[in-house]
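Here is what each chain is made of, one letter per residue.
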Amino acid sequence: MTVIDHAPATAPVSKPVLGTGIFDVDIHPVPKEGLIAGYLPERWRRHIAEYGVRTTNGLSTVTEYPQMYGGAMRNDSWPDDGTYPGSSLDLIRSQLLDPYDITIGVLQCLAPGGQTLNPASQALDPRLAHVLTQAINDWQLEHIVYPEPRLRASAPVAFEAADLAVEEIERVGSNPGVVSLLGLSKTLEPLGSRRYWPIYEAAVAHGLPIQFHLSQGGGHANTGTGWTSYHTEYHVGHTQSLQSQMLSLILTGTFDRFPDLKVMFVEGNVLHFAPLAERLDYHWSNLRSEVADLQRKPSEYIRDHIWASTQPIDEPENPRHLAEMIEEFCPDNVVFASDYPHFDFDSPETVFPASFPEEMKQKILRDNGLKFFGLDG
């Protein structure tokens, strides 16, 4: 099995057929229990066995709330061998890729199965976060991307340790099986902080956009005013972190410093961004002297730099409002996400109401994803 002290295992990566089909930017694979250990140096296997993995979300033995590997999964996504949903490539094919004509699916591996149920990149020891993300990247390339030409990897990196993150980008960033970097919506500091600039610089140098997936953890309470009492309370309010990150990236001038940087917020809805963008433009017009170096109107940065995925799709009481609010945000910057194998999986066949404009649907299901990942040329 691959030893991660050197370059990852390589294999020919088949070119996907881009003329037809759907682009899905949010598929969650999970390694079978114990499989990741084979990609870890012996020192870190012993460390995990003796001490576990402490992350910004607690210990690895403490699962997220609610139980992510219980009720949060589709009932039919559990493999017959009792392993985790997302661990069977055959099920990913038969339940997602084949029936819905998924031409390209992007993997968002948030948890390394038997090692920890929390995101590896949130391990508080940056060295451990680094080797775990390396292991995930080697595993998903070797076991999923190379055998399945329709799938590509979003590569997690140790985001809170920029030097190690850059090292991993240098290691896998040129691999044709990797189409983006994977970060999380909850970070120790807002994403516009200069501590993350080396990561953005390396991402741009390799032509890789960054997907920031909704997450817990981050070392902070799960809302802007403290801890919630109920999951429903948190689940409705999780958009707070995504909104804060959008404000930070724009107002700190991150996109002026890195004009080729593209980011996507994954699994955080879309419609709430439209009034935020309008409010941001309004207050910027009155307070622009504070951010005098900002070169453009805030909403203009969204058009060129910020994408959002559909899942979980918003379902307003008046179906026409879905298209209207997407139009207000930016219809060229919304991409389809199924969120397979989670319980709130969105089917591309039923995700849009009957009144949804056909041209906009085509953009979201396919064209906008090609543009974000630089495959439209």
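This text follows the structure it describes.
Residues numbered from 1 in each chain as written. Predicted model: local features only at pLDDT ≥ 70, side-chain atom pairs only at ≥ 80, totals over all residues. Heavy atoms only, no water.

## With respect to unusual backbone geometry
Most peptide bonds take the trans form, and the phi angle of most residues other than glycine is negative. With an omega of -10°, the peptide bond between Q311 and P312 qualifies as cis. Here P312 is to be found in the loop between β9 (306-309) and α11 (320-329). Across the junction of Y340 and P341, the peptide omega takes the value 5°, indicating a cis bond. Here P341 lies in the loop between β10 (334-335) and α12 (358-372). (Helix = DSSP H or I, 4+ residues; strand = E, 2+ residues; numbered from the N terminus.)

## Overview of the pattern of salt bridges
Tallying each qualifying case throughout the model produces 17 salt bridges. Residue E168 pairs with R171 through a salt bridge whose shortest N-O separation is 2.7 Å. Of this pair, E168 and R171 are both found in helix α4 (residues 162-172), three residues apart, which corresponds to roughly one turn of the helix. With a relative accessible area of 0%, E168 lands in the buried category. In this structure, the salt-bridge partner of K361 is E358, at a minimum N-O distance of 3.7 Å. Residue K361 and its partner E358 are located together in helix α12, separated by three residues, close to a single helical turn. Among the charged side chains, a salt-bridge network with shared partners connects D90, R93, D98, E148 and R150. (Salt bridge = Lys/Arg side-chain N within 4 Å of Asp/Glu carboxyl O. Buried < 20%, exposed > 50% of the residue type's maximum accessible area, 1.4 Å probe, protein only.)

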